[in-house]
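Single-letter residue listing:
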Amino acid sequence: QVHLVESGGGLVQAGGSLRLSCAASGRTFSNYAMGWFRQAPGKGRESVAAVSRSGRDTYYADSVKGRFTISRDYAKSMMYLQMNSLKPEDTAVYYCAAERSSYRYTTLPDEYEYWGQGTQVTVSS
């Protein structure tokens, strides 16, 4: 069992920045590929970013490429999502997730075993 807890969400003006954190506990952090997803009202859950077990491979959705950065700290069992140049369309509940089945990482929500409770990000125009 892996327990994930997100933090760092909030209300920010367009163009601003936020850093989301995901604290992992329960199993060996390095055994899991990790991902950030978001879900806006009335929409499905979409992959925002993902990082492999080693941290060497990363993925970003086209909509956030160049603005968001995913990272992980193995000593602290933490994952982060640095979000810069935020736009109103980034408004959503953001979730972190963990999985150990993929070769590097996956962007498919159904392949993630563990999820956090989510943190709200609201970007005002």
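Above this text sits the structure in question.
For clarity, every value in this text was computed on a predicted model and none was experimentally measured.

Q: How do you make sense of unusual backbone geometry when you look at a structure like this?
A: Peptide bonds are trans in most cases, and residues, glycine excluded, mostly fall at negative phi. Even without a glycine there, the phi angle at serine 77 is positive, about 55 degrees. Considering the arrangement of structural elements, one finds serine 77 in the loop between β7 (68-73) and β8 (78-83).

Q: How should the packing of aromatic side chains be read in this particular structure?
A: A ring pair, where both rings are aromatic, is described by two values, the distance of the centres and the angle of the planes. Per the stated rule, a full pass over the model turns up 7 aromatic pairs. On the basis of an interplanar angle of 80 degrees and a centroid distance of 5.0 Å, the ring pair of phenylalanine 37 and tyrosine 112 is categorised as edge-to-face. You can see phenylalanine 37 sitting in strand β4 (residues 33-39) and its partner tyrosine 112 sitting in the loop between β9 (92-99) and β10 (114-115), a full 75 residues away along the chain. With respect to burial, phenylalanine 37 and tyrosine 112 carry one shared label: buried. Seen in terms of ring centroids, phenylalanine 37 and tryptophan 115 are 4.9 Å apart; in terms of plane orientation they differ by 55 degrees. Their pairing is tilted. On the criterion of sequence distance, the pair formed by phenylalanine 37 in strand β4 and tryptophan 115 in strand β10 is long-range, its members being 78 residues apart.

Q: Explanation requested: the state of the cysteines in the structure shown.
A: A complete count under the given rule lists 1 disulfide for this structure. Between the sulfur of cysteine 22 and that of cysteine 96 lies a disulfide, 2.1 Å long from S to S. Judged by the sign of its S-S torsion, about 60 degrees, the cystine formed by cysteine 22 and cysteine 96 is right-handed. Of this pair, cysteine 22 sits in strand β3 (residues 18-25) while cysteine 96 sits in strand β9; the two residues are 74 residues apart in sequence, bridging distant segments of the chain. As far as burial versus exposure is concerned, cysteine 22 and cysteine 96 are alike and both buried.

About the criteria used
Residue numbers restart at each chain and count upward from 1, following the sequence in its written direction. The predicted nature of this model means local features are confined to residues of pLDDT at least 70 and side-chain atom pairs, given and counted, to a pLDDT of 80 or more, with totals for whole chains, interfaces and linings taken over all residues. Heavy atoms from the whole structure form the basis of all side-chain values; hydrogens and water molecules are not counted. Secondary structure follows DSSP: runs of H or I at least 4 residues long count as helices, runs of E at least 2 residues long count as strands, and numbering of each begins at the N terminus. Any Phe, Tyr or Trp ring, taking Trp's six-membered ring, that has another such ring centre within 6.5 Å forms a pair; planes under 30 degrees apart are called stacked, those over 60 apart edge-to-face, and the others tilted. Only protein chains enter the area calculation, which uses a 1.4 Å probe; residues under 20% of their type maximum are buried, those over 50% are exposed, and those in between are partly exposed. In this description, the term disulfide denotes a pair of cysteine sulfurs within 2.5 Å.

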